[in-house]
Amino acid sequence: MSASKTHFRTCNLCEAMCGIAIKVDDGVITSIKGDNDDSFSRGHICPKAIALKDLYEDPDRIRRPLQKVDGEWQELSWDDALDKVAARISSLQAEHGNDALGVYLGNPNVHNTGATLMSGGVLRALKTKNKFSATSVDQLPHHIVSWKLFGHQLRIPVPDIDNTDHFLMFGANPLASNGSIMSVADVKQRLKDVRKRGKLVVVDPRRTATAELADAHHFVRPGSDVLVLLAMLNVLFSDKLVKLGTIAEHLDQDPMDLESTFAAYNPEKVAALTGMSAEVIRGMVHDFCAASQPVMYGRLGVSVQEFGTLTQYLIMLFNILTGRLNSVGGLMFTKPAVDILAQSGRGNMGRFHSRVRGLPEFNGELPVATLAEEITTPGAGQIKGMMLIAGNPVISTPNGEQLDRAFEKLDLLVAVDFYINESSRHADFILPPVSPLEREHYDVIFNVLAVRNNARYAEALFPRPADGRHDWEILLGLQDRLQPAHNMKEKLARKAMQRMGPSGLLAVLLRKGPYGGGANPFSGLSLSKLKKSPHGVDLGPLQPAAAGGSYHRDQKLHLETDFFLKDLARVNTRFFNRNSGADTFLLIGRRDVRSNNSWLHNSHRLVKGKDRCTALINPEDASHLNIEDGQWLRVSSRVGSIDLAAAVSDEMMPGVISIPHGWGHHRSGTQWQQAEAHAGVSVNDLTDEMHIDELSGNAVLNGVPVTVQALAHTPAEAV
Ligand SMILES: Nc1nc2c(c(=O)[nH]1)N[C@H]1C(S)=C(S)[C@@H](COP(=O)(O)OP(=O)(O)OC[C@H]3O[C@@H](n4cnc5c(=O)[nH]c(N)nc54)[C@H](O)[C@@H]3O)O[C@H]1N2
Ligand SMILES: Nc1nc2c(c(=O)[nH]1)N[C@H]1C(S)=C(S)[C@@H](COP(=O)(O)OP(=O)(O)OC[C@H]3O[C@@H](n4cnc5c(=O)[nH]c(N)nc54)[C@H](O)[C@@H]3O)O[C@H]1N2
Ligand code: SF4
Ligand SMILES: [Mo]
């Protein structure tokens, strides 16, 4: 008799949290579809969801710990592997000091319930100041803005997409990314609905799929959004459009005092520098203010650039000055069922600095742009060993080539990953966790950023094999060895924690959360209730929060003008006092719906087809350089050069080229068998580790100056 069942869960691959229905016949996944009854996603999925099956079945995925011995990988038992790793870390730290170990946390950690809830202890046990993560190639500006203005690094408001009638979007392409710092499934339909109510306007150096859908799209010169926003704020004051509404009573300073700050940036002054006419800039402000429930939102394209933090601050300020923060249809705060804000620190900055370049920490992490030099520069505190947890910084961070060479020099590299990627190929040990379908899932992080309050929990679809380990088990195993319990009480507490696991902790957090029954185990939202609700529990639309949304102890929204606006000096030098080279192009990134950063390329059905790692270039630029569609180019920057095919398209703004990140799988010794056929090149072999958003230390991956040269042949022909 064949056993057939359908398992419901949320896809953990991106921020959209789509509900999926996985059909399993006789232990084999026979289909993955959108769950039409899902309380959040209404049946939407993208092609990546099917990759969960590929990932589970992938013969290349590592299932047992590996140690490199004389250049060859050898399997070893879990106990042996954890003992050896802990011993090597301890002896490295005993010899060179605690900071000789560096840690890098990659993006999938935040999509992993166990890793999110249970990794605090091991990070403390590693006792190093040299902590890095993908945050500083991504959303660090958002955390700093939220920490300063609202009092907590995770107090990040999101667009109320289901109610707005005017969505003004800077530097995001949710039709490819499915949304970021805005968890929203079925974003295409929701944006179409915005258009029915009013308007969608996109500002992007490329006419993306999202821009195609919009009512209006404006090209902007990469990295110059800060000027556009300064000019928009200028218009807001000069045309008497400031309308604070109820937010006024929550502000800690009078924003009308800011009028003179923006006086210097009228639209005429910035037009040529931004590539946007004064008329368009004025029009954007007037259109926004004429709408009844408008919202302004900016994401990766404006976060990961030279003025990322100031730009995100000005976006927030614009929403505040138009009364759109904490207002229906505007930027709203969420009320997630697990109150992770209460469980985590508000944020901190500059308590210590990186050794070589003196960059400030934020929340105990240093900017990853400084990682390679911390490994290669001798002296006390030099990083001699690394631990990579679910990351691939050789491909994901600026000047990856340099980091690749630096990793080669390490005395010790340990990777917690189920693939050998371009970074972990340098490892001495690989500790592979089980795949997503072999673990339980609750989105602790992305519900904080969701456009509707919601809670969904799923058990593991497949039991974890006896010789498999969860990320959290690996991390707790290391913690136990690195920092054994001091006494019986601590030992018992640790044992209890291990027994509880993520679901035990989750049960407590749900009960303590805003919808939980508190001390009464029989009322309110609970884990057992979620277990009985396979399609999740809808907790309603976003609601205006008390105190204007402030999480500060004084209940005020802090404008923090001194901290942010001091960066105007850098803006003025950059744009008004320095000549930018006329013959250079500005490089930007792009995402494709069938890729996920650097790591889903081992799924044949996702990588097959036309080469996607191409350089998009405008037809005028192409003809000027004698470049034809499909022809090979050499793109060069201060740090390196890469060769790839041109894709000529008028979707690009003149003077700008676009190359996706996440490729470059030609490096030997990785586990991506499928990916090698579609290796591509890594755009981060062009991005410059010295080029950062100085206010935050975040990397600059958009608006990188490069030169472009036509090649007479393809690399294949050259061989
Ligand atoms: N030029 C340019 N560079 C960029 C970007 C860009 O737009 N342009 N985007 C940046 C952004 S936003 C991000 S978030 C970073 C991402 O950068 P990273 O986080 O460094 O890299 P990923 O490609 O996400 O690599 C994830 C690794 O984790 C592994 N993995 C997947 N799931 C799990 C799991 O559950 N447990 C464990 N232990 N491992 C797992 C995968 O096998 C893979 O090797 O890249 C950044 N880099
Ligand atoms: N399919 C897929 N989905 C993903 C990912 C993926 O790799 N693949 N990655 C996930 C992750 S980790 C993240 S952080 C999110 C990111 O999600 P999004 O923020 O939507 O990121 P992108 O799709 O890279 O869109 C950024 C846009 O900014 C534009 N841009 C570049 N430079 C500038 C500039 O200077 N100014 C302006 N105004 N625009 C600029 C680019 O042309 C691009 O269209 O996506 C997530 N979802
Ligand atoms: S958009 Fe795709 S990858 Fe993202 S959660 Fe939904 S199905 Fe998964
Ligand atoms: Mo990201």
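Above: the structure in question.
A brief structural summary. What you are looking at is a predicted structure, and each value in this text was computed from that prediction instead of being measured.

What about empty space enclosed by the protein?
Taken as a whole and assessed by the stated rule, the structure comprises 5 cavities of 30 Å³ or more. Empty space within the largest cavity amounts to approximately 130 Å³. What lines the largest cavity is a set of 15 residues, among which His142, Pro157, Gly298, Gln312 and Met316 lie closest to the centre. Mapped by element, the contributors of at least two residues to the lining of the largest cavity are α5 (140-150), β8 (158-159), β12 (294-298) and α14 (308-321). Considered class by class, the residues forming the lining of the largest cavity number 11 nonpolar, 4 polar and no charged. A volume near 90 Å³ is recorded for the second largest cavity. For the second largest cavity, the full set of lining residues is Cys11, Leu13, Cys14, Ala16, Met17, Cys18, His44, Ile45, Cys46, Lys48, Ala49 and Asn178.

Side note on α14
Because the α-helix completes a turn every 3.6 residues, residues three or four places apart line up on one side. Given a rise of 1.5 Å per residue, 14 residues ought to cover 20 Å, and the 20 Å separating the end C-alpha atoms of α14 matches this to within 8%. The buried count for α14 comes to 14 of 14 residues, which makes it a mostly enclosed element. Positive backbone phi, at 70°, marks glycine 323, one or two positions downstream of α14.

Remarks on the nonpolar core
Note that soluble globular proteins tend to have their nonpolar side chains buried in a common cluster. In terms of nonpolar packing, the biggest core is built from 77 residues, with Phe167, Phe170, Met232, Tyr313 and Leu314 touching the most fellow members. Apart from residues lying up to four places away in sequence, tyrosine 313 is in contact with Val145, Leu149, Leu559, Glu560, Thr561, Phe564 and Leu565. Grouped together as the second largest cluster of nonpolar side chains are 39 residues, Met17, Val158, Ile445 and Leu476 included.

As for the site of ligand 1
Lining the immediate surroundings of ligand 1 are 30 residues, of which Tyr104, Asn107, Ser396, Asp417 and Ser598 lie closest. In this structure, an oxygen atom belonging to ligand 1 sits 2.7 Å away from a side-chain N or O atom of tyrosine 104. A distance of 2.8 Å separates an oxygen atom of ligand 1 from a polar atom in the side chain of arginine 439. Within the complex, 98% of the 920 Å² of free accessible area of ligand 1 lies under protein.

The rules behind the values
Residues numbered from 1 in each chain as written. Chains lettered and ligands numbered in written order. Predicted model: local features only at pLDDT ≥ 70, side-chain atom pairs only at ≥ 80, totals over all residues. Heavy atoms only, no water. 1 Å grid on protein atoms, 1.4 Å probe; cavity = no way out; pocket = protein on both sides within 12 Å on 5 of 7 lines; lining within 4 Å. Points joined across faces, edges and corners; volume = space filled by probe spheres on them. Helix = DSSP H or I, 4+ residues; strand = E, 2+ residues; numbered from the N terminus. Nonpolar A, V, L, I, M, F, W, Y, C, P; charged D, E, K, R; others polar. Expected span 1.5 Å × (residues − 1). Buried < 20%, exposed > 50% of the residue type's maximum accessible area, 1.4 Å probe, protein only. Core = buried A, V, L, I, M, F, W, Y, C linked by side-chain atoms within 4.5 Å. Contact = heavy atoms within 4.5 Å. Near = heavy atom within 4 Å. Polar contact = N/O pair within 3.5 Å; in protein donor to acceptor, adjacent residues only side chain to side chain. Areas by Shrake-Rupley, 256 points an atom, 1.4 Å probe, with all protein chains shown as cover.

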